[in-house]
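Okay, here's what each chain looks like letter by letter:
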Amino acid sequence: MKAPGTAYDDDVLGKDPQPASMDDYIHTGDDNGGVHLNSGIPNRAFYLLATALGGSSWEKAGQLWFDVLTGGELAVDADFAAFARQTVAAARSRFGDGDELEAVRKAWSEVGVPTA
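The model shown is predicted, which means the values in this text are computed figures rather than measured ones. (Residues numbered from 1 in each chain as written. Predicted model: local features only at pLDDT ≥ 70, side-chain atom pairs only at ≥ 80, totals over all residues. Heavy atoms only, no water.)

Trainee: Any chance you could break down the packing of helix α4 (residues 80–95) against helix α5 (residues 99–110) for me, citing the residues and the numbers?
Mentor: Interaxial distance between α4 and α5 falls to 8 Å at its minimum, and their mutual angle equals 165°. Accordingly, the angle class assigned to the pair α4 and α5 is roughly antiparallel. When you trace α4 past α5, the crossing you get is right-handed. In this structure, α4 uses F83, A84, T87, V88, A91, R92 and F95 to contact α5, whose residues at the interface are E100, L101, V104, R105 and W108. (Axes fitted to C-alpha atoms, helices over the stretch in contact; angles between N-to-C directions. Helix = DSSP H or I, 4+ residues; strand = E, 2+ residues; numbered from the N terminus. Parallel < 35°, antiparallel > 145°, perpendicular 65-115°, else oblique. Left-handed = near helix turned anticlockwise from the far one by under 90°. Contact = heavy atoms within 4.5 Å.)

Now the structure itself:
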């Protein structure tokens, strides 16, 4: 989660193709539009958020992701920006307009996903 694209560099498998930001997003028809290949982007956003908030990842960052994934509002075809916007809303709902909300926005911004 910390460094997508660095899991392996192998003579047989090649180099890990996962991008760490939208700058390197993989446009493909394979893998249901790259759902697994591009998962490094939201994974890195989660890592950045959890690191910024400190403590155990399930205490705050994990709660926000869980809120969005189980809240019933995330569309099955949501893109990263829609998910990011919902994590911002979840942060505001759960923690108010404080440091947690700013940390969510910053994490998504660092991986190139807009939250507005």
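Trainee: Describe the nonpolar core, listing the residues and the values that go with them.
Mentor: Across soluble globular proteins, nonpolar side chains show a tendency to be buried alongside one another. Grouped together as the largest cluster of nonpolar side chains are 23 residues, with contacts concentrated most on L49, L64, W65, V104, W108, V111 and V113. Not counting chain neighbours up to four residues away, the residues in contact with W65 comprise P42, F46, L49, F83, T87 and W108. (Core = buried A, V, L, I, M, F, W, Y, C linked by side-chain atoms within 4.5 Å. Buried < 20%, exposed > 50% of the residue type's maximum accessible area, 1.4 Å probe, protein only.)

Trainee: Explain the pattern of salt bridges to me, using residue names and the numbers behind them.
Mentor: By the definition in use, this model includes three salt bridges. The salt bridge involving K60 is made with E100; its shortest N-O contact spans 2.8 Å. Here E100 lies in helix α5 and K60 lies in the loop between α2 (40–53) and α3 (61–70), a separation of 40 residues in the sequence. The class for K60 is partly exposed, based on a relative accessible area of 30%. Overall, E100 belongs to the buried group, its relative accessible area being 13%. One salt bridge connects R94 with D67, and the closest N-O pair in it is separated by 2.8 Å. Of this pair, R94 sits in helix α4 while D67 is found in helix α3, placing the two residues 27 residues apart along the sequence. Overall, the relative accessible area of 39% leaves R94 in the partly exposed class. For D67, a relative accessible area of 23% translates into the label partly exposed. (Salt bridge = Lys/Arg side-chain N within 4 Å of Asp/Glu carboxyl O.)

Honestly, it's all geometry; don't read function into it.
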